[in-house]
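The residues making up each chain are set out below.
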Amino acid sequence: MYTTLISVTQLQALQASGTPLQVFDCAFDLMNPLAGRALYVEQHIAGALHADLDQHLATHDVTQRVNAGRHPLPQREVFATWLRSVDINPNTQVVVYDRNGMNYCGRLWWMLKWCGHEAVAVLDGGLQAWVSASAAMASGDAMAQATGNFVLREPCVQLVDTASVAAHLNDGTQTLIDARGAPRYRGEVEPLDPVAGHIPGALNRPFNSNLNAQGFFKSADELRPEFVALLGNAKPETAVHHCGSGVSAVLNVLAMEMAGLSRTALYAGSWSEWCNTPGLPCEKS
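Let me sum up the structure you'll find in this document. As the structure is a prediction and not an experimental result, all values here were calculated from the model.

Rules and cut-offs
- Residues numbered from 1 in each chain as written.
- Predicted model: local features only at pLDDT ≥ 70, side-chain atom pairs only at ≥ 80, totals over all residues.
- Heavy atoms only, no water.
- Axes fitted to C-alpha atoms, helices over the stretch in contact; angles between N-to-C directions.
- Helix = DSSP H or I, 4+ residues; strand = E, 2+ residues; numbered from the N terminus.
- Left-handed = near helix turned anticlockwise from the far one by under 90°.
- Contact = heavy atoms within 4.5 Å.
- Buried < 20%, exposed > 50% of the residue type's maximum accessible area, 1.4 Å probe, protein only.
- Pairing = 2+ DSSP bridges.
- Expected span 1.5 Å × (residues − 1).
- Arc of directions from axis to C-beta.
- Parallel < 35°, antiparallel > 145°, perpendicular 65-115°, else oblique.
- Nonpolar A, V, L, I, M, F, W, Y, C, P; charged D, E, K, R; others polar.
- Core = buried A, V, L, I, M, F, W, Y, C linked by side-chain atoms within 4.5 Å.
- Salt bridge = Lys/Arg side-chain N within 4 Å of Asp/Glu carboxyl O.
- Phe/Tyr/Trp six-rings, centres within 6.5 Å; stacked < 30°, edge-to-face > 60°.
- Lys NZ or Arg CZ within 6 Å of the ring centre and 35° of its normal.
- Right-handed = clockwise from strand over helix to strand, strands pointing away.

## Concerning the packing of helix α4 (residues 105-114) against helix α9 (residues 250-258)
One can describe the packing of α4 onto α9 by two numbers: an axis separation of 9 Å at closest approach and a directional angle of 65°. The handedness of the crossing between α4 and α9 is left-handed. Counting all contacts with α4, which are made through Gly-106, Arg-107, Trp-109 and Trp-110, the residues of α9 involved are Val-250, Val-253, Leu-254 and Glu-257.

As structure tokens, then:
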């Protein structure tokens, strides 16, 4: 079972082994949300299905969401229904990838674990690594060939809401880590949300800090001291990750797990929900 990262070579071996497997291409463009499907159709790993951030990994139906913000999570049962429609079963090994530094596919990795499915891994290096290896590619659209019998289990990850973050803002029991780029964190620019800045007390760890110059995840030996230095005296298990809308923060969740610093919590509403909630403090620095 692969539960964090999987390499190109390991994925190729899985494809050849006959192991129950489903690969998802999470192509998306934040500035052009309709482009994801076109990118997938143009080029994807052979056998991969498309998982769209707006259509499948978020919902804007207020009766079906569990949080607010720009990319609200759908309720677990709503998401489980989609998982069945794309032939996910309890024994399916899932592999997710994208073209964006593993930014968008991390959302699907986290959501499957939120639904109790541990057997999901991120393709290290994304589509670029697959192409560089001259591995099997395809184009065109594809649909699941069968309906799965996915069953919800107890969450394997922790979801934190706005009320919880606000309640523990100054009591020392949580360590907020903001995955957005430093200029957005400092409030110098804000291209997406109505208020610039960050949650008071939050530390800054841009999600792409977890990757090396070649676009692969850094090793555990590299990641661990970086997070230890960031946390200072705070215990790793107090970390609560967020970003703009709960997507890129997942790479910090994954990186801390890879570094052996425990599986930490996600505040999915993130800055887009926080800054739109009346009465909550916002900080610039």
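What follows continues from the structure just given.
## Considering the pairing of strand β9 (residues 175-178)
In β9, alternate side chains face the same way, and those of Thr-175 and Ile-177 on one face and Leu-176 and Asp-178 on the other are all buried. The pairing of β9 with strand β11 (residues 239-242) spans 4 bridges and is classified as parallel. Bridged to Asp-178 within β11 is His-242. In the sheet, β9 pairs with strand β10 (residues 203-204) via 2 bridges, with the strands oriented parallel. Within β10, the position partnered with Ile-177 by the bridge is Leu-203.

## Here's the deal with the sheet that holds strand β6 (residues 120-123)
Spatial strand order, β1-β6-β5-β2-β4: 5 strands in an open sheet with parallel pairing. Looking along the sheet, the strands with just one partner apiece sit at the ends: β1 (5-6) and β4 (49-50).

## What to know about helix α8 (residues 220-231)
Spanning 12 residues, α8 covers 16 Å between terminal C-alpha atoms, matching the ideal 16 Å at 1.5 Å per step. Buried residues of α8: Leu-223, Phe-227 and Leu-231, and no others. Projected onto a plane normal to the axis of α8, the buried residues spread over an arc of 55° and lie on a single side. Of the exposed residues in α8, those oriented more than 90 degrees away from the buried face are Asp-221 and Ala-229.

## Points about the packing of helix α3 (residues 76-85) against α4
Between α3 and α4, the least distance of the axes is 10 Å, while the angle of their chain directions is 110°. The angle between α3 and α4 places the two elements in the roughly perpendicular class. You can see that α3 and α4 cross each other, and the crossing is left-handed. Here α3 contributes Arg-76, Phe-79, Trp-82 and Leu-83 to the contact with α4, which in turn contributes Leu-108, Met-111, Leu-112 and Trp-114. Of the residues contributing to the contact of α3 with α4, the split by class is 7 nonpolar, no polar and 1 charged.

## Here's the deal with the nonpolar core
Grouped together as the largest cluster of nonpolar side chains are 53 residues, with contacts concentrated most on Phe-24, Val-96, Leu-108, Trp-109, Trp-110 and Phe-217. Of all the secondary-structure elements, those providing two or more residues to this core are α3, β5 (93-97), α4, β6, α8 and α9. With residues up to four places along the chain from it excluded, the contact list for Val-96 reads Phe-24, Cys-26, Cys-105, Leu-108, Trp-109, Val-120, Ala-121, Val-122 and Leu-123. Counting residues in each nonpolar core, the second largest holds 15 residues, with Leu-14, Val-23, Ile-45 and Val-95 among its members.

## A short note on the pattern of salt bridges
Tallied over the full model, the rule gives 14 salt bridges. Among the salt bridges present, the one from Lys-113 reaches Glu-118, with a minimum N-O distance of 2.7 Å. For Lys-113, a relative accessible area of 0% gives the class buried. In this structure, Glu-257 and Arg-263 form a salt bridge, with 2.8 Å as the shortest nitrogen-oxygen distance. It is possible to trace a salt-bridge network through shared partners that takes in Arg-70, Asp-178, Arg-180, Arg-184, Glu-190 and Asp-193.

## Points about the packing of aromatic side chains
Enumeration according to the criterion identifies 4 aromatic pairs in this entry. The interplanar angle of 25° and the centroid separation of 5.8 Å between the aromatic rings of Phe-79 and Trp-82 together place this pair among those described as stacked. Of this pair, Phe-79 and Trp-82 are both found in helix α3, 3 residues apart, which corresponds to roughly one turn of the helix. This pair shows no difference in class: Phe-79 is buried, exactly as Trp-82 is. Each residue in the set Phe-24, Phe-79 and Trp-82 is aromatic and connected to the rest through ring pairs, giving one cluster. In this arrangement the basic side chain of Arg-205 is found over the ring face of Phe-227, its NZ or CZ atom lying 4.4 Å from the centre.

## Remarks on the pairing of β5
Of all 5 residues in β5, 5 are buried; the element is thus mostly enclosed. With burial as the criterion, each face of β5 is covered, one bearing Gln-93, Val-95 and Tyr-97 and the other bearing Val-94 and Val-96. Relative to β5, strand β2 (residues 21-25) runs parallel, the two being bridged by 5 bridges. Pairing of Leu-21 across the sheet is with Gln-93, part of β5. In this structure, β5 lies alongside β6, joined through 3 bridges in parallel fashion. Bridging from a neighbouring strand, Val-95 pairs with Ala-121 of β6. This β-α-β element, β5 to α4 to β6, shows right-handed connectivity.

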